[in-house]
Amino acid sequence: MTAAVPTPLPAPQRLIVLGASGDLTRRLLLPGLGSLLAQQGERRISLTGADRRELTPKVWSSRVQDALREGGASSERSAQIAQTSDYRTLDLLDEAQLRDLMATVDGPTVLYFALPPSITRSVCQILARIGLPHQVRLALEKPFGEDEASARELNTLLEDLVEDSSRVFRVDHFLGTAPVLRLLPLRTANPLLRGVWDARQVESIDVVYDESLTLEGRAGYYDRAGALRDMVQSHLLITLALLAMEEPADLGAQAVHDAQLAALRAVRPFTGDPGTSSRRARYTAGSIGERTVPDYLAEDGVEAANDTETLAAVTVEVDTPRWRGVPFTLRSGKALARNRFETVVRFRPVGDGPADRLVIDLDTQEIALRLATGGTDWRGTGPLELRGEDQAVHLWPYGQVLQAVFDGDEALGVRGDVAEQMWRICEPILAAWQQGRTPMDTYPAGSEGPTGWEQETAVHSS
Ligand code: NDP
């Protein structure tokens, strides 16, 4: 019997993480890589970390190993990658040091920018001067700019840096989370939902991302960003795009991104006025479970002059024939009573019966559909709730993102013009807030939010 010819392994892919000592790399990116390796044992990856913080090879190696295992990679695989991984202490804004790092590129490589946005921009400027090896793909973290103009500038810079836009991947890890990934098939592949996905049958849609977490030591970033820039401008608007876009002709990147862009271009403040179509609030002292939380303005690193909101809600209309007149509310905040990550689609009631409702839990992956059925008297109507949870084992969001970056699946990235649109929607709201046209409400930490902001009961509520 002749020995089976082994199938050739795919070419190794190298991942260079810039900002390898930072929070994102440690908490999300490396465990995400671990989840990818756990599902795809055959995938070959070599890893290099670069950061200005000094780390000994031993500390780096054990960090890598722990993080990969956290994501589910086997002990052997984690140890093998960790042992062969190298770490370079360098200042990425030093041209000579960056040039040296680029000189080590000798094959298909992903350059992952896990850096503060201002440093990312500067590193791109230096790379544009020194030239980027042609096998390099770039993965950039949000935020993409601070407003529409700077998002456009960043896009122009990236065009100078790489002649082929498919080599740039703008990461929004929401696009890697299973429930968000499934929104499009859910609404297009089921006759039940496909036939009612428009203004004739849908009364309103909410996308909510409420957290019980507070600042978690990130005041330096958060106090300058706030809830609108941090969550609504990126994650919630891309979720809205998936809910509201027309069905793309195919699931290729161009068709998907074109459809997202068209939906976002049609977004307007619901009342026509960004000041009255939005709400903002800030938490005051309170308690969340056992935790006592100080007033936001008394938190370390917070400056009252920044006038930062910790909860934002924006109601928009998607001015297309499909959606005209339907309010889409995007809401996100911190220090709330509980985590609540969900999309709620409310259908128009028929007669006096309870309205049907679809709730997609973006965290637990549970889907609940409330349907009006007969009550005790067949002439009456009572609600019946059907619930189901996706049992499939999914990659960590950053595992999904890394898979897409390695494999060049651009559809899971954010295209440059889509990022610009998301700023186009948020800028007038930020301007209205700056002019004091939207009052700053307050809510005690650990509450459901300010009085008067109540929303429809969520999937976990009775
Ligand atoms: P951090 O500030 O924690 O990490 C960035 C790392 O880059 C730090 O180790 C920092 O070192 C290092 N660094 C900064 N400047 C240089 C330089 N000139 N040369 C070499 N290293 C440098 O940021 P995060 O990890 O939190 O975030 C990174 C990106 O990911 C951001 O764009 C953020 O918006 C995005 N993001 C973060 C998430 C998170 O949960 N952390 C979630 C989603 C996105 P030093 O500490 O010395 O400054």
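- In the annotation of an unreviewed UniProt entry, the entry for the chain reads Glucose-6-phosphate dehydrogenase, and the organism field reads Brachybacterium endophyticum.

### Here we look at the overall build of the chain
So, point 1. Secondary structure summary: the chain contains 13 helices and 18 strands in total.
So, point 2. Since a compact globule built from 462 residues should have a radius of gyration of about 23 Å, the 23 Å found for the chain is in line with a globular shape.
So, point 3. The dimensions of the chain, computed from C-alpha atoms along their principal axes, are 70 × 70 × 45 Å.
So, point 4. Within the chain, buried positions represent 42% of all 462 residues.
So, point 5. A sequence separation of at least 24 residues applies to 76% of the contacts in the chain between residues at least 6 apart.

### Section: the domain arrangement of the chain
So, point 1. For the chain, the assigned domains read domain 1 (13-171) and domain 2 (175-393 + 415-444).
So, point 2. Using C-alpha coordinates to define each centre, domain 1 is positioned 30 Å away from domain 2.
So, point 3. Facing ten residues of domain 1, the contacting portion of domain 2 comprises eight residues.

### Topic: the site of the ligand
So, point 1. Near the ligand you find 18 residues, and of these Gly19, Gly22, Leu24, Arg52 and Leu92 are the closest.
So, point 2. Every element with two or more residues in the shell around the ligand is listed here: α1 (23-39) and α5 (117-130).
So, point 3. Tallied by class, the residues present in the shell around the ligand amount to eight nonpolar, three polar and seven charged.

### Comments concerning the UniProt feature "domain: Glucose-6-phosphate dehydrogenase C-terminal" (unreviewed entry) in the chain
So, point 1. Here the UniProt-annotated "domain: Glucose-6-phosphate dehydrogenase C-terminal" (unreviewed entry) positions come out as residues 185-454.
So, point 2. For residues 185-454, helix accounts for 29% and strand for 27%, while the C-alpha atoms at its two ends are 30 Å apart.

### Observations concerning the nonpolar core
So, point 1. In terms of nonpolar packing, the biggest core is built from 112 residues, with Leu18, Tyr112, Val232 and Leu237 touching the most fellow members.
So, point 2. Ranked by residues supplied to this core, first place goes to helix α10 (residues 219-244) with twelve residues.
So, point 3. No fewer than three residues from each of domain 1 (13-171) and domain 2 (175-393 + 415-444) sit in this core.
So, point 4. Non-local contacts of Leu237, meaning those with residues more than four positions away in its chain, are made with Val232, Leu264, Leu330, Met422 and Ile425.

### Observations regarding the sheet that holds strand β1 (residues 13-18)
Each strand in a sheet pairs with its neighbour through backbone hydrogen bonds, running either in the same direction (parallel) or in the opposite one (antiparallel).
So, point 1. The parallel open sheet is built from six strands, whose spatial order is β3-β2-β1-β4-β5-β6. Edge positions in the sheet fall to β3 (86-89) and β6 (168-171), since each of these pairs with one other strand and no more. Between one strand axis and the next, the sheet turns by 20° as a mean value, whatever way the strands run.
So, point 2. Of the strand pairs in this sheet, strand β4 (residues 109-113) and strand β5 (residues 136-141) are connected by five bridges, and their pairing is parallel. Opposite Thr109, over in β5, you have Val136 as the bridge partner.

### Regarding the pairing of strand β2 (residues 45-51)
When a strand is regular, its side chains alternate between the sheet's two faces.
So, point 1. Summarising burial for β2: six of the seven residues are buried, a large majority.
So, point 2. Sheet topology note: the β1/β2 ladder contains six bridges and is parallel. Opposite Gln13, over in β2, you have Ile45 as the bridge partner.
So, point 3. The handedness of the β1 to β2 crossover, carried by α1, is right-handed.

### Some thoughts on the packing of α5 against helix α6 (residues 148-161)
So, point 1. Where α5 meets α6, the axes come as close as 9 Å, and the angle between the chain directions of the two elements is 30°. With respect to α6, the axis of α5 lies roughly parallel. Between α5 and α6 lies a crossing whose hand is left-handed. Across the interface between the two elements, Arg121, Cys124, Gln125, Leu127 and Ala128 of α5 pack against Leu154, Leu157, Leu158, Asp160 and Leu161 of α6.
So, point 2. Considered class by class, the residues forming the contact of α5 with α6 number seven nonpolar, one polar and two charged.

### A short note on the environment of Ile367
So, point 1. Within the secondary structure layout, Ile367 lies in strand β16 (residues 366-373).
So, point 2. Judged by C-beta crowding, with 19 C-beta atoms within 10 Å, Ile367 ranks as partly exposed.
So, point 3. Linking Ile367 and Asp390, residues 23 residues apart in sequence, is a C-alpha distance of 8.2 Å.
So, point 4. Every residue in contact with Ile367, bar those within four places of it in the chain, is listed here: Ile360 and Gly388.

### Some points on the confidence of the model for the chain
So, point 1. Across the chain, the average pLDDT comes to 93, with 96% of residues at 70 or higher.
So, point 2. A low-confidence stretch, residues 456-462 stays under pLDDT 50, and its non-local contacts, those more than four residues away or across chains, total ten contacts.
So, point 3. In the predicted complex, the global pTM is 0.94; the interface-specific ipTM is 0.98.

### As for α1
So, point 1. End to end, α1 covers 24 Å across 17 residues, agreeing with the expected 24 Å (1.5 Å per residue, within 8%).
So, point 2. Among the 17 residues in α1, twelve count as buried, and that is most of the element.
So, point 3. Looking only at α1, the buried set comprises Leu24, Thr25, Leu29, Leu30, Pro31, Gly32, Leu33, Gly34, Ser35, Leu36, Leu37 and Ala38.
So, point 4. At its buried positions, α1 is contacted by β1, α2 (57-70), α3 (75-84), β5 and α12 (397-407).

### Re the UniProt feature "domain: Glucose-6-phosphate dehydrogenase NAD-binding" (unreviewed entry) in the chain
So, point 1. The UniProt feature table records "domain: Glucose-6-phosphate dehydrogenase NAD-binding" (unreviewed entry) at residues 16-178.
So, point 2. Helix makes up 48% of residues 16-178 and strand makes up 18%, while its end C-alpha atoms are separated by 26 Å.

### Looking at the pairing of β4
So, point 1. When you tally the buried positions in β4, you get five out of five residues, the bulk of the element.
So, point 2. Covered by surrounding structure in β4 are Thr109, Leu111 and Phe113 together with Val110 and Tyr112, the residues of both alternating faces.
So, point 3. Of the pairings in the sheet, the one linking β1 to β4 comprises five bridges and is parallel in character. Its bridge partner lying in β4, Leu15 is registered against Val110.
So, point 4. Considered for its hand, the β-α-β crossover made up of β4, α5 and β5 is right-handed.

Each value, and the rule that gives it
Residues numbered from 1 in each chain as written. Predicted model: local features only at pLDDT ≥ 70, side-chain atom pairs only at ≥ 80, totals over all residues. Helix = DSSP H or I, 4+ residues; strand = E, 2+ residues; numbered from the N terminus. Rg over C-alpha atoms; globule rule 2.2 N^0.38 Å. Buried ≥ 20, exposed ≤ 12 C-beta atoms within 10 Å, placed from the backbone. Contact = placed C-beta atoms within 7 Å. Domains from an automatic or database assignment. Near = placed C-beta within 6 Å. Nonpolar A, V, L, I, M, F, W, Y, C, P; charged D, E, K, R; others polar. UniProt positions renumbered as here; feature names shortened; annotations may be inferred. Core = buried A, V, L, I, M, F, W, Y, C linked by C-beta atoms within 7 Å. Pairing = 2+ DSSP bridges. Axes fitted to C-alpha atoms, helices over the stretch in contact; angles between N-to-C directions. Right-handed = clockwise from strand over helix to strand, strands pointing away. Parallel < 35°, antiparallel > 145°, perpendicular 65-115°, else oblique. Left-handed = near helix turned anticlockwise from the far one by under 90°. pLDDT = per-residue confidence, 0-100. Expected span 1.5 Å × (residues − 1).

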